[in-house]
Amino acid sequence: MASEHTLSTPPAPRRTLFKVLGAISLAHLLNDMIQSLILAIYPLLARDFSLNFVQVGLITLTYQVTASLLQPLIGAWTDKRPQPWSLPIGMGFTLSGLVMLASAQSYGMVLVAAALVGTGSSVFHPESSRVARMASGGRHGLAQSLFQVGGNVGSSLGPLLAALVIAPYGKGNVAWFTLAALLAIVVLLQISRWYQAQQRSAGGRPAETSVHALPRGKVAAAVAILLVLIFSKYFYLTSISSYYTFYLMHKFGLAIQDAQLHLFAFLFAVAAGTVIGGPVGDKIGRKAVIWGSILGVLPFTLLLPHADLAWTGVLSVIIGFVLASAFSAILVYAQELMPGRIGMVSGLFFGFAFGMGGVGAAVLGVVADHQGIDVVYDICAWLPALGILTLFLPNNRHH
């Protein structure tokens, strides 16, 4: 399988290139900070355009599905034809979406803006994940965690900045964040130059090869299990990222800005947890990390719907920290199952994660409208129980 993609991924440098990893993580921070602004200003959009929960969910669905449908296709294409300069081009789509969101005069324009941001994300994630692996020096879990933590820190900053910069003055202030997109383009231009140099130096040398040889059927079954685990993780995360502010405002009577600060605390915990999963997986095995992060969070998700405000804050931070450690381990596990297809695997898993987030937002919006926001958290509390499927993943010294 690797021989079919001899130019897809140059051999990793012998040492971990933290300068490159830092740069791609910064770009991920800026990219995901911009994306999270859409989630953070949902209450403002709902007020300005008189939206119900279903319409709010459709904004997330538009963004997430745009990203999820394109990412695997872009990843598979760039496995065969690497596109170093696609990174700043993708950020250009995000910049366009920001400008449109700031000036949107209708709900339809908001949906188009969300689609543009989703398109930018679909270009960014597969190629930037490849860059992280190229710069890993063999420490793949660490590299993916550093890459992921940038995105999660950015996601946590979105609500905080929305509370400070946008909520008091209106959605027009979204335009200030075009500066972040421009900075990301500058950073990505430098990364693209390094990426192109790596491609030239690789020449015709073969891509990395597998550390094990599982039959195709077992690989397919393992990937299916990993996708189910991604479903459980991101469907649950959507219940908080899209509706946590509404839940806190409804159940505890919090103001918009106070609810956004609670969302920031949760998302910051997600960022902190992301740092742990990759390097721990490098040392003790990725399967163990997947076990602990998904199934291990179940007691806390079951308690959350019954907690008071103080314990809701504490439990949400614990849930975010523990659950976040799974993604880096899952992604690297999948990349090792299908070496030579780094872009396709990254696109598939990032895309599926975003797709599940979008579908989750729409489905949970319907539940919230018809049954109440509290029911959303009663249902989602059981999703981490799917972590039991980790039992059926194959073992080897890396996993």
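Check the entry above for the structure.
Criteria and thresholds
- Residues numbered from 1 in each chain as written.
- Predicted model: local features only at pLDDT ≥ 70, side-chain atom pairs only at ≥ 80, totals over all residues.
- Heavy atoms only, no water.
- Helix = DSSP H or I, 4+ residues; strand = E, 2+ residues; numbered from the N terminus.
- Polar contact = N/O pair within 3.5 Å; in protein donor to acceptor, adjacent residues only side chain to side chain.
- Contact = heavy atoms within 4.5 Å.
- Patch = residues over 30% accessible without salt bridge, like charges linked within 9 Å, V, L, I, M, F, W, Y side chains within 5 Å.
- Areas by Shrake-Rupley, 256 points an atom, 1.4 Å probe, with all protein chains shown as cover.
- Salt bridge = Lys/Arg side-chain N within 4 Å of Asp/Glu carboxyl O.
- Buried < 20%, exposed > 50% of the residue type's maximum accessible area, 1.4 Å probe, protein only.
- Axes fitted to C-alpha atoms, helices over the stretch in contact; angles between N-to-C directions.
- Parallel < 35°, antiparallel > 145°, perpendicular 65-115°, else oblique.
- Left-handed = near helix turned anticlockwise from the far one by under 90°.
- Nonpolar A, V, L, I, M, F, W, Y, C, P; charged D, E, K, R; others polar.

Any details on the side chain of Thr390? Residues and values, ideally.
By the element assignment, Thr390 lies in the segment after α16 (373-380). At 2.8 Å, the side chain of Thr390 and the backbone oxygen of Gly387 are in polar contact. Apart from the residues within four sequence positions on either side, Thr390 is in contact with Leu229, Lys287, Ile290 and Trp291.

So what's going on with a nonpolar patch on the surface? Residues and values would help.
Among the surface-exposed residues, Val275, Ile276, Val280, Ile284 and Phe321 lie close enough to one another that they form a single nonpolar patch of about 390 Å² accessible area. Among the elements that make up the nonpolar patch, the one with the highest residue count is helix α10 (residues 256-284) (4 residues). Inspection of the secondary structure puts Ile276 in helix α10. Since its relative accessible area comes to 39%, Ile276 is described here as partly exposed.

Break down the packing of helix α1 (residues 18-40) against helix α4 (residues 86-103) for me, with residues and values.
Across the interface, α1 lies against α4 with an axial gap of 11 Å and an inter-helix angle of 30°. One element, α1, and the other, α4, form an angle in the roughly parallel class. Regarding α1 and α4, the two cross each other, and that crossing is left-handed. Contacts between α1 and α4 involve Asn31, Ile34, Leu37 and Ile38 on the former and, on the latter, Met91, Thr94, Leu98 and Leu101. Partitioned by chemical class, the residues of the contact of α1 with α4 number 6 nonpolar, 2 polar and no charged.

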